[in-house]
Protein chains: 2
Amino acid sequence: MENKTNGIIAKYVFGVDIGGTTVKIGLLDLDGHKIEVWEIPTRTENGGEKILPDIAESIRFKMEERGIKDSQVVGVGAGAPGPFSDDGTILKAVNLGWSEFNLKNELHDLVKIPVKCGNDANVAALGECWKGGGQGYKDILMVTLGTGVGGGIIHEGKIFNGANGAGGEIGHIHIEDNETVECNCGNKGCLEQYASATGAVLLMKRILEKSDEESVLRGTQFECKDIFDAAANGDKLAIEATKQYGDYLGKGLAMIASTINPEIIVFGGGVSKAGDVLFDLIRPSFEKYVFHGAKRTKFALAKLGNDAGIYGAAKLVLDTVS
Amino acid sequence: MENKTNGIIAKYVFGVDIGGTTVKIGLLDLDGHKIEVWEIPTRTENGGEKILPDIAESIRFKMEERGIKDSQVVGVGAGAPGPFSDDGTILKAVNLGWSEFNLKNELHDLVKIPVKCGNDANVAALGECWKGGGQGYKDILMVTLGTGVGGGIIHEGKIFNGANGAGGEIGHIHIEDNETVECNCGNKGCLEQYASATGAVLLMKRILEKSDEESVLRGTQFECKDIFDAAANGDKLAIEATKQYGDYLGKGLAMIASTINPEIIVFGGGVSKAGDVLFDLIRPSFEKYVFHGAKRTKFALAKLGNDAGIYGAAKLVLDTVS
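Residues numbered from 1 in each chain as written. Chains lettered and ligands numbered in written order. Predicted model: local features only at pLDDT ≥ 70, side-chain atom pairs only at ≥ 80, totals over all residues.

A. Local environment of the overall build of chain A. Looking only at helices and strands, one finds ten helices and 14 strands in chain A. Relative to its length of 322 residues, chain A is compact, with a C-alpha radius of gyration of 21 Å against a globular reference of 20 Å. The dimensions of chain A, computed from C-alpha atoms along their principal axes, are 70 × 45 × 35 Å. A burial count over chain A gives 54% of its 322 residues as buried. Across chain A, every contact between residues at least 6 apart in sequence was considered, and the portion connecting residues at least 24 apart equals 64%. (Helix = DSSP H or I, 4+ residues; strand = E, 2+ residues; numbered from the N terminus. Rg over C-alpha atoms; globule rule 2.2 N^0.38 Å. Buried ≥ 20, exposed ≤ 12 C-beta atoms within 10 Å, placed from the backbone. Contact = placed C-beta atoms within 7 Å.)

Set out below in structure tokens:
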């Protein structure tokens, strides 16, 4: 693939994934092959004022190092943790120290190359759709099962943002009427309270409290992975916890699939490392609750890991600039 | 607005709404002004084999009557009650006697004018987005509260179909874990079981059964409208039923809004005739359950009534053919 602008052939695109601790930057060719990936620290002090200058400097330095001219670069795509409006304004990004500003314009002023940006979860979903677990599909739901539950919707190959950039914020779908504990968002009974890694631990703790049965996890400090491991080894209470986990997640995904009817759901994040066993846990509840028209929804594991963001960011700029 | 094809100026578009009893056909100009609307019976006998020939004949007759040439017509848009695939194949339409076939191609062969078609609920949503309660917005959720609960999603001004045409089938989102009665779809606890006109009657009946209190509806054959009327007149149990109705609907819409984050939700169908009082019933529950990024979602009443389908069908063909 080539991209001709003013007779000069562009060859490169940068994908930037801005996280709370590090910024990951990728240099890719226009077919999405990684040429180089590196990281710089995210300097969040003073309202995160250094973050964009650091990124711009790192990109300009890399271009100089490799003798890449501006005209050879299609642009810079960037994903950041916050809701975005269509014009590239990030509305809030607590983790980065940022308050509302136009990320697209500011980064462009610094780096002097076309910039496109979006919410990191949506951008990662686009990456998985382009080069990962959703490759070959154009309507996907990406679910990230980590400390929280993130989501991104790709519709006809493009990010589905929604009116205020909150499209795909599926972690806060209401799923349980009988919850007494508040979610981080302030509501009670959100999907994230059960289907995140933290949620799995909560479910297990509640089971241990209610039951007198033995469990290898009783009296230990355990994490989500320990629960799945214990379940794999036949621990009855851990099996019950993973079953509940699958029931909640299946139910939540059924609601979403009934609404947007994706071709495939792609699972990423730490919990997805459990692999296909996760699908066996989710499928019964998903099929129980989903509208029949969406019953055939495929499940797949994400493939790009922490690189999804840079692929997606690169694709974002390729789709709009080229 | 004009549409030039081969130097001849097109002036007209037909919008067709295929229902189980009648087919409504509209002749519109390209700005969406109604020139004439008429109805023909839907002949569902023999697998509905006469439906498309009847429509084609009626359109050709109207063109002859008005001296409209083929070149003056942009095309014919049609909405029908069933899921569609992208190529215009209707997968099932029980009410019409149809099994799977390509509606777009068959109608085109008969009418000899470009044809575009889609699911009736989605097409009605497009109509309301173009000329009705969602005018001026491009990301809308249309909810039709009738015998059932229908839905249609418009994203960036276009119908959001989903992978199997089941996008926006929001009536079958799971909303209540404690339901014992089956929904028409075979699941239990679907939104439609509570938020439809039939659902409101069910809620009221259950309240009457549980309570000994007086109600003007006790011992009567009542419909949804009677419940809202009784509530407006201060009937305590009817007030409770409308409150429950609003709670369920608000909760369901919150889940959907958290997923797709529309700018506005447009309410149509018989129950929406209750008017703004409906919003007062829904809003508290919607705001309780919705993700904060979608809290600002606007509510509006549909404006086109039974004409939404013909407007939407006309717009469908204008968007794709012109």
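What follows continues from the structure just given.
B. Representation of the sheet that holds strand S13 (residues 264–268) of chain B within the structure. Residues and elements named next belong to chain B. Strand order in the open sheet formed by five strands is S12-S11-S10-S13-S14, and the pairing between neighbours is mixed. Edge strands, defined here as strands with exactly one partner in the open sheet, are strand S12 (158–159) and strand S14 (298–301). Pairing geometry for S13 and S14, over four bridges, is parallel. Across the sheet, the residue bridging to Phe 267 is Leu 301, located in S14. (Pairing = 2+ DSSP bridges.)

C. Local environment of the domain arrangement of chain A. Residues and elements named next belong to chain A. Under the domain assignment used here, chain A contains domain 1 (3–128 + 307–321) and domain 2 (136–303). Taken over C-alpha atoms, the centre of domain 1 sits 30 Å from the centre of domain 2. Listed per partner, the contact involves 15 residues of domain 1 and 19 residues of domain 2. The set of elements that each furnish at least two residues to the side of domain 1 that touches domain 2 consists of strand S9 (115–119), helix H4 (120–131) and helix H10 (308–321). Considering each element in turn, the side of domain 1 that touches domain 2 owes the most residues, six residues, to H4. Here the residues of the side of domain 1 that touches domain 2 sort into eight nonpolar, four polar and three charged. (Domains from an automatic or database assignment. Nonpolar A, V, L, I, M, F, W, Y, C, P; charged D, E, K, R; others polar.)

D. Inspection of the confidence of the model for chain A at higher detail. When pLDDT is averaged across chain A, the result is 93; 97% of the residues are at 70 or more. Taken together, the chains of this predicted complex give a pTM of 0.90 and an interface ipTM of 0.87. (pLDDT = per-residue confidence, 0-100.)

E. Up close: the relation of the copies chain A and chain B. Overlaying chain A with chain B gives an RMSD of 0.0 Å, the required rotation being 180° about an axis along which the chain moves by 0.0 Å. The relationship between the two copies is best expressed as a two-fold rotation axis. Of the residues that chain A buries at the interface, 100% are likewise interface residues in chain B, meaning the two copies contact each other through the same surface. (Least-squares fit on C-alpha atoms with pLDDT ≥ 70 in both.)

F. Molecular detail of the interface of chain A and chain B. With 34 residues of chain A in contact, the opposing surface of chain B contributes 34 residues. In terms of residue count, the dominant contributor to the side of chain A that touches chain B is helix H8 (residues 236–260) of chain A (seven residues). Residue composition of the side of chain A that touches chain B, grouped by class: 15 nonpolar, 14 polar and five charged.

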